[in-house]
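Examining the three-dimensional arrangement
Residue-level listing of the chains:
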Amino acid sequence: MSLYDDAVLVLKNYEDQTDLRQAYLDHLAAHPDGMWKSCHAGHVTASALVIDPEHGRVLLTLHKKLRMWLQMGGHCEPEDTSLEAAALREATEESGIPGLTLLPGGPVRLDRHPIPPPCHCHYDVQYAVLAPPGAVQEISDESLDLRWFPYDEVRSVADESVVRLLEATRARL
(Lines give C-alpha, C1' and ligand atoms only; values in the text may rest on other atoms or scores of the structure.)
Protein backbone atom coordinates (compact mmCIF):
# COMPACT_ATOMS: atom_id res chain seq x y z
CA MET A 1 0.00 0.00 0.00
CA SER A 2 1.36 3.44 -0.88
CA LEU A 3 1.65 6.22 1.67
CA TYR A 4 -1.07 8.11 -0.23
CA ASP A 5 -3.42 5.09 0.03
CA ASP A 6 -2.61 4.70 3.71
CA ALA A 7 -3.41 8.37 4.33
CA VAL A 8 -6.76 8.10 2.56
CA LEU A 9 -7.63 4.97 4.54
CA VAL A 10 -6.55 6.54 7.86
CA LEU A 11 -8.61 9.64 7.16
CA LYS A 12 -11.68 7.67 6.06
CA ASN A 13 -11.51 5.73 9.34
CA TYR A 14 -10.97 8.82 11.50
CA GLU A 15 -14.33 9.57 13.11
CA ASP A 16 -13.82 13.05 14.58
CA GLN A 17 -13.62 16.51 13.03
CA THR A 18 -15.79 15.43 10.09
CA ASP A 19 -15.67 18.68 8.10
CA LEU A 20 -11.92 19.00 8.43
CA ARG A 21 -11.45 15.29 7.69
CA GLN A 22 -13.43 15.76 4.49
CA ALA A 23 -11.27 18.76 3.54
CA TYR A 24 -8.18 16.54 3.87
CA LEU A 25 -9.78 13.86 1.70
CA ASP A 26 -10.88 16.43 -0.89
CA HIS A 27 -7.37 17.87 -0.99
CA LEU A 28 -5.83 14.45 -1.57
CA ALA A 29 -8.41 13.62 -4.26
CA ALA A 30 -7.53 16.85 -6.08
CA HIS A 31 -3.77 16.49 -5.55
CA PRO A 32 -2.29 13.01 -6.08
CA ASP A 33 1.04 14.53 -4.94
CA GLY A 34 -0.57 15.93 -1.78
CA MET A 35 1.60 13.81 0.52
CA TRP A 36 4.79 15.59 -0.51
CA LYS A 37 6.42 18.91 0.29
CA SER A 38 6.62 19.57 -3.45
CA CYS A 39 2.82 20.00 -3.58
CA HIS A 40 2.61 23.78 -3.28
CA ALA A 41 -1.19 23.74 -2.85
CA GLY A 42 -0.53 22.13 0.53
CA HIS A 43 0.58 18.75 1.77
CA VAL A 44 -0.07 16.19 4.47
CA THR A 45 2.33 16.16 7.40
CA ALA A 46 2.57 13.80 10.37
CA SER A 47 3.29 14.85 13.93
CA ALA A 48 3.28 13.32 17.38
CA LEU A 49 3.01 14.64 20.90
CA VAL A 50 5.58 12.92 23.12
CA ILE A 51 3.86 12.27 26.41
CA ASP A 52 4.96 10.85 29.76
CA PRO A 53 1.69 10.10 31.60
CA GLU A 54 3.50 8.71 34.64
CA HIS A 55 4.99 12.13 35.35
CA GLY A 56 2.16 14.22 33.84
CA ARG A 57 4.31 15.92 31.24
CA VAL A 58 4.92 16.37 27.52
CA LEU A 59 8.09 17.00 25.55
CA LEU A 60 7.94 20.02 23.23
CA THR A 61 10.47 21.32 20.75
CA LEU A 62 11.34 24.94 20.23
CA HIS A 63 11.11 24.89 16.45
CA LYS A 64 14.17 26.42 14.80
CA LYS A 65 12.33 28.21 11.99
CA LEU A 66 9.04 29.07 13.69
CA ARG A 67 10.48 29.79 17.14
CA MET A 68 7.43 28.25 18.76
CA TRP A 69 7.03 25.37 21.23
CA LEU A 70 5.44 22.54 19.23
CA GLN A 71 4.98 18.79 19.14
CA MET A 72 7.47 16.79 17.07
CA GLY A 73 6.64 16.32 13.42
CA GLY A 74 7.03 17.25 9.84
CA HIS A 75 7.06 16.17 6.26
CA CYS A 76 6.50 12.65 5.03
CA GLU A 77 9.48 10.95 3.39
CA PRO A 78 9.52 8.40 0.54
CA GLU A 79 10.64 5.64 2.94
CA ASP A 80 7.60 6.16 5.23
CA THR A 81 5.21 3.24 4.86
CA SER A 82 2.32 4.87 6.73
CA LEU A 83 1.30 8.08 8.47
CA GLU A 84 1.89 6.34 11.80
CA ALA A 85 5.42 5.42 10.69
CA ALA A 86 6.07 9.01 9.59
CA ALA A 87 4.84 10.42 12.92
CA LEU A 88 6.89 7.91 14.92
CA ARG A 89 10.00 8.57 12.80
CA GLU A 90 9.64 12.34 13.24
CA ALA A 91 9.09 12.04 17.00
CA THR A 92 12.11 9.75 17.39
CA GLU A 93 14.38 11.91 15.23
CA GLU A 94 13.41 15.19 16.85
CA SER A 95 13.31 13.96 20.46
CA GLY A 96 16.32 11.66 20.32
CA ILE A 97 14.36 9.18 22.43
CA PRO A 98 14.52 5.52 21.36
CA GLY A 99 11.63 3.22 22.19
CA LEU A 100 8.71 5.61 21.71
CA THR A 101 5.42 3.79 21.15
CA LEU A 102 2.32 5.08 19.41
CA LEU A 103 -0.76 5.63 21.52
CA PRO A 104 -3.27 3.13 20.08
CA GLY A 105 -6.33 4.26 18.18
CA GLY A 106 -4.89 6.14 15.22
CA PRO A 107 -4.66 9.90 14.91
CA VAL A 108 -5.60 11.97 17.94
CA ARG A 109 -6.46 15.14 15.97
CA LEU A 110 -6.21 16.91 12.65
CA ASP A 111 -4.86 20.44 12.38
CA ARG A 112 -4.75 22.41 9.13
CA HIS A 113 -2.62 25.54 9.29
CA PRO A 114 -1.12 28.04 6.84
CA ILE A 115 2.60 28.03 6.15
CA PRO A 116 4.87 30.54 4.42
CA PRO A 117 5.21 30.44 0.60
CA PRO A 118 5.90 28.73 -1.70
CA CYS A 119 3.57 26.24 -0.04
CA HIS A 120 0.23 27.30 1.36
CA CYS A 121 -0.94 24.78 3.92
CA HIS A 122 -0.02 21.85 6.13
CA TYR A 123 -2.67 19.19 6.57
CA ASP A 124 -1.24 17.81 9.80
CA VAL A 125 -2.30 14.39 11.04
CA GLN A 126 -1.50 14.39 14.74
CA TYR A 127 -0.66 11.32 16.80
CA ALA A 128 0.61 10.82 20.34
CA VAL A 129 3.55 8.68 21.41
CA LEU A 130 4.36 7.37 24.84
CA ALA A 131 7.86 7.95 26.21
CA PRO A 132 9.49 4.90 27.80
CA PRO A 133 10.39 5.02 31.50
CA GLY A 134 13.51 7.08 32.14
CA ALA A 135 13.42 8.71 28.69
CA VAL A 136 16.14 11.26 28.09
CA GLN A 137 15.76 13.66 25.20
CA GLU A 138 18.56 14.67 22.84
CA ILE A 139 18.20 17.85 20.84
CA SER A 140 18.32 17.59 17.04
CA ASP A 141 19.50 20.15 14.52
CA GLU A 142 15.84 20.98 13.81
CA SER A 143 15.31 22.42 17.29
CA LEU A 144 16.57 25.32 19.32
CA ASP A 145 15.58 23.51 22.52
CA LEU A 146 13.69 20.50 23.86
CA ARG A 147 11.91 20.65 27.19
CA TRP A 148 9.48 18.65 29.30
CA PHE A 149 6.46 20.67 30.39
CA PRO A 150 3.91 19.66 33.03
CA TYR A 151 0.43 19.43 31.50
CA ASP A 152 -0.73 22.60 33.24
CA GLU A 153 2.14 24.69 31.82
CA VAL A 154 1.54 23.85 28.15
CA ARG A 155 -1.10 26.54 27.69
CA SER A 156 1.37 29.22 28.79
CA VAL A 157 4.09 28.26 26.27
CA ALA A 158 2.36 26.72 23.25
CA ASP A 159 -0.37 27.74 20.83
CA GLU A 160 -3.95 26.46 20.85
CA SER A 161 -3.24 23.61 18.41
CA VAL A 162 -0.78 22.06 20.87
CA VAL A 163 -3.17 22.63 23.78
CA ARG A 164 -6.00 20.91 21.87
CA LEU A 165 -3.69 18.01 20.98
CA LEU A 166 -2.72 17.59 24.62
CA GLU A 167 -6.38 17.69 25.74
CA ALA A 168 -7.38 15.10 23.13
CA THR A 169 -4.43 12.90 24.05
CA ARG A 170 -5.24 13.02 27.76
CA ALA A 171 -8.88 12.18 27.01
CA ARG A 172 -7.72 9.11 25.08
CA LEU A 173 -5.44 8.00 27.92
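Please refer to the structure higher up on the page.
The following refers to the structure shown. As the structure is a prediction and not an experimental result, all values here were calculated from the model. (Residues numbered from 1 in each chain as written. Predicted model: local features only at pLDDT ≥ 70, side-chain atom pairs only at ≥ 80, totals over all residues. Heavy atoms only, no water.)

Examining helix H5 (residues 160-172)
Inclusion rule: Put simply, DSSP H or I for four residues or longer makes a helix, DSSP E for two residues or longer makes a strand, and each gets a number counted from the N terminus. The length a helix should cover is 1.5 Å for every residue beyond the first. Type-normalised accessible area, obtained with a 1.4 Å probe on protein chains alone, sets the label of each residue: buried when under 20%, exposed when over 50%, and partly exposed for intermediate values. Throughout, a contact is declared for two residues whenever any of their heavy atoms are within 4.5 Å.
Taking 1.5 Å of rise per residue, 13 residues should cover 18 Å, and H5 covers 18 Å from first to last C-alpha, within 8% of that figure. Restricting attention to buried positions, one finds in H5 the residues Ser-161, Val-162, Val-163, Leu-165, Leu-166 and Thr-169. On its buried side, H5 packs onto strand S1 (43-52), strand S2 (57-63), strand S3 (69-70), strand S6 (109-114), strand S7 (121-130) and helix H4 (154-157).

Remarks on the side chain of Glu-90
Counted only if it meets this: Any N or O atom pair separated by 3.5 Å or less is treated as a polar contact, with the protein-specific requirement of one donor-capable and one acceptor-capable atom, and with residues adjacent in sequence counted only for side-chain atom pairs.
Structurally, Glu-90 can be placed in helix H3 (residues 83-95). A polar side-chain atom of Glu-90 sits 3.1 Å from a polar atom in the side chain of Arg-89. If we ignore the near neighbours within four places in the chain, the residues touching Glu-90 are Ala-46, Met-72, Gly-73, Gly-74, His-75 and Glu-142.

Describing the layout of surface pockets
If a probe the size of a water molecule is rolled over the atoms, the empty space left behind becomes visible. This is how it is decided: For each structure, a 1 Å grid was placed over the protein atoms alone; sets of points admitting a 1.4 Å probe that cannot get out are labelled cavities, open sets with protein on both sides within 12 Å along at least five of seven lines are labelled pockets, and lining residues have an atom within 4 Å of a point. Grid points are joined across faces, edges and corners, and a volume is the space filled by probe spheres set on the points. Each residue receives one of three labels: charged for Asp, Glu, Lys and Arg, nonpolar for Ala, Val, Leu, Ile, Met, Phe, Trp, Tyr, Cys and Pro, and polar for the others, Gly being one of them.
Approximately 900 Å³ is the volume found for the largest pocket. Of all elements in the fold, only S1, strand S4 (72-75), H3, S6 and S7 reach the threshold of two or more residues within the lining of the largest pocket. For the lining of the largest pocket, the residue count by class is ten nonpolar, twelve polar and ten charged.

Some details on the packing of aromatic side chains
Heads up, the rule is: Centre distance within 6.5 Å is the pairing criterion for rings of Phe, Tyr and Trp, where only the six-membered ring of Trp is used; planes under 30 degrees apart are then read as stacked, over 60 as edge-to-face, and the remainder as tilted. Two thresholds decide whether a charge sits over a ring: the Lys NZ or Arg CZ must be within 6 Å of the ring centre and within 35 degrees of the ring normal.
Enumeration according to the criterion identifies two aromatic pairs in this entry. Ring geometry for Tyr-24 and Tyr-123: centres 5.1 Å apart, planes at 90 degrees, overall edge-to-face. Of the two residues, Tyr-24 sits in helix H2 (residues 18-30) while Tyr-123 sits in strand S7, which places them 99 residues apart along the sequence. Accessibility classification places Tyr-24 together with Tyr-123 in one group, the buried group. Each ring, one from Trp-69 and one from Phe-149, has its centre 5.0 Å from the other, and the planes form 75 degrees; the classification is edge-to-face. Remark: Phe-149 occurs in strand S8 (residues 143-150) and Trp-69 occurs in strand S3; sequence separation between them is 80 residues. Given the relative accessible area of 11%, Trp-69 is considered buried. Its end group placed over the ring of Trp-148, Arg-57 keeps NZ or CZ at 4.0 Å from the ring centre.

Some words on the nonpolar core
This is how the line gets drawn: Here the nonpolar core consists of buried residues drawn from Ala, Val, Leu, Ile, Met, Phe, Trp, Tyr and Cys, with membership extended through side-chain atoms lying within 4.5 Å.
Counting residues in hydrophobic clusters, the biggest one holds 34 residues, and the most contacted among them are Met-35, Val-50, Leu-83 and Val-125. Counting residues per element, the ones that place at least two in this core are helix H1 (3-13), H2, S1, H3, S7 and S8. In contact with Met-35, not counting residues within four places along its chain, are Leu-3, Tyr-4, Ala-7, Leu-28, His-43, Val-44, Cys-76 and Leu-83. Among the nonpolar cores identified, the runner-up in size contains 18 residues, and Leu-60, Trp-69, Val-162 and Val-163 belong to it.

Some details on the pattern of salt bridges
Test applied: A pair is scored as a salt bridge if a Lys or Arg side-chain nitrogen falls within 4 Å of a carboxyl oxygen belonging to Asp or Glu.
Scanning all chains against the criterion turns up eight salt bridges. Asp-111 is paired through a salt bridge with Arg-164; the nearest N and O atoms lie 3.6 Å apart. Pair noted here: Asp-111 is in strand S6 and Arg-164 is in helix H5, with a separation of 53 residues, a long-range link. Taken together, the shared-partner salt bridges in this structure form one network comprising Asp-80, Arg-89, Glu-90 and Glu-93.

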